[in-house]
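The chain contents come next:
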Amino acid sequence: MSTHSIIVLIDAWLISSLADDGELDRGSFDAPFPLEAVGLTEAAIYMAERRHEVEAGEGTAHMVFDALPGDNIRWSASTFGSQEDHSVHLIRGRLVPSDSVGELLIESARGTSYLPPEGSYAPAEAPLDQSIPGPHAMTWAETTVLQSGRWVEFELAFKLIDNTNGRASGYYSWAGQFHIL
């Protein structure tokens, strides 16, 4: 039994610039906009598996990997992009067929960044909230494989946050699949 750590990189600059230009719906918490609807998944979502047990699609939104019953699968997300200051929080997901895997749990952890005073390498004794707005949260989605010999489709949704003002700049989703040996 092992854990498959799927790292999801989201192109925040591409998504936010298209939304700012009115070319992309921002979705809502209850109805995230599916990036597949505008053919944006392959351009904005990149996934990699830490252990490199990938059959196909590493570096794409539709990565295929093998898992065994009892294995845990964990997706964590981060953003990248030119001239952007965004973060991402996974908010929900679904797995089909659901009898092949356990419940999908969305979990989070909070932390505060402590930066050294300018010109110093010593850690600061208090967070510098003016440099990094508020506590940073990390989120991940996790499930456990229950049955073998199945393909499982997943859909994960995320909230894109503009770190310059702390507000949500949109809610989006994408889909993929994995194979259980």
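Residues numbered from 1 in each chain as written. Predicted model: local features only at pLDDT ≥ 70, side-chain atom pairs only at ≥ 80, totals over all residues. Heavy atoms only, no water.

1. Some details on the overall build of the protein chain
Item 1. Tallying secondary structure elements over the protein chain gives two helices and eleven strands in all.
Item 2. Written out in order from the N terminus, the α and β elements of the protein chain read β-α-β-α-β-β-β-β-β-β-β-β-β.
Item 3. Classification of the 181 residues of the protein chain by burial places 40% in the buried group.
Item 4. Sequence-distant contacts, at least 24 apart, represent 72% of the contacts inside the protein chain between residues at least 6 apart.
Item 5. For the protein chain, the exposed area adds up to about 9500 Å²; of that, 51% sits on carbon and sulfur atoms. (Helix = DSSP H or I, 4+ residues; strand = E, 2+ residues; numbered from the N terminus. Buried < 20%, exposed > 50% of the residue type's maximum accessible area, 1.4 Å probe, protein only. Contact = heavy atoms within 4.5 Å. Areas by Shrake-Rupley, 256 points an atom, 1.4 Å probe, with all protein chains shown as cover.)

2. A word on the environment of A48
Item 1. As for its placement among the helices and strands, A48 is situated in strand β3 (residues 45-49).
Item 2. C-alpha of A48 to C-alpha of I7: the two residues are 41 residues apart in sequence and 5.3 Å apart in space.

3. What to know about unusual backbone geometry
Item 1. Of note, the amide linkage connecting V96 to P97 takes the cis form, showing an omega dihedral of 0°.
Item 2. Looking at the element boundaries, P97 is found in the loop between β7 (86-96) and β8 (105-111).

4. As for the side chain of N163
Item 1. Of note, N163 is situated in the loop between β10 (150-162) and β11 (167-180).
Item 2. By relative accessible area, which is 14% here, N163 ends up buried.
Item 3. Only 3.0 Å separates the side chain of N163 from the side chain of S87, close enough to count as a polar contact. (Polar contact = N/O pair within 3.5 Å; in protein donor to acceptor, adjacent residues only side chain to side chain.)

5. A short note on the confidence of the model for the protein chain
Item 1. Summing up the model confidence of the protein chain, the mean pLDDT is 79 and the portion of residues at 70 or higher is 75%.
Item 2. For the protein chain, strand β4 (residues 54-56) is the element with the lowest average pLDDT, namely 52, and strand β2 (residues 33-34) is the one with the highest, namely 96. (pLDDT = per-residue confidence, 0-100.)

6. Description of the nonpolar core
Item 1. Counting residues in each nonpolar core, the largest one holds 36 residues, and the members touching the most others are I15, W75, F158 and F178.
Item 2. Those elements giving two or more residues to this core turn out to be β1 (3-11), α1 (12-20), β3, β5 (64-67), β6 (72-80), β7, β10 and β11. (Core = buried A, V, L, I, M, F, W, Y, C linked by side-chain atoms within 4.5 Å.)

7. Structural notes on the side chain of S17
Item 1. Examined against the element boundaries, S17 turns out to sit in helix α1.
Item 2. Within the structure, the side chain of S17 is placed 2.8 Å from the backbone oxygen of W13, a separation counted as a polar contact.

8. Here's the deal with α1
Note that an α-helix has 3.6 residues per turn; residues three or four places apart therefore point the same way.
Item 1. α1 sits mainly inside the fold: seven of its nine residues count as buried.
Item 2. Buried within α1 are the following residues: A12, L14, I15, S16, S17, L18 and A19.
Item 3. The N-terminus of α1 is capped by D11, whose side-chain oxygen sits 3.3 Å from the backbone nitrogen of W13.
Item 4. One or two positions beyond α1, positive phi appears at G22, with a value near 80°.

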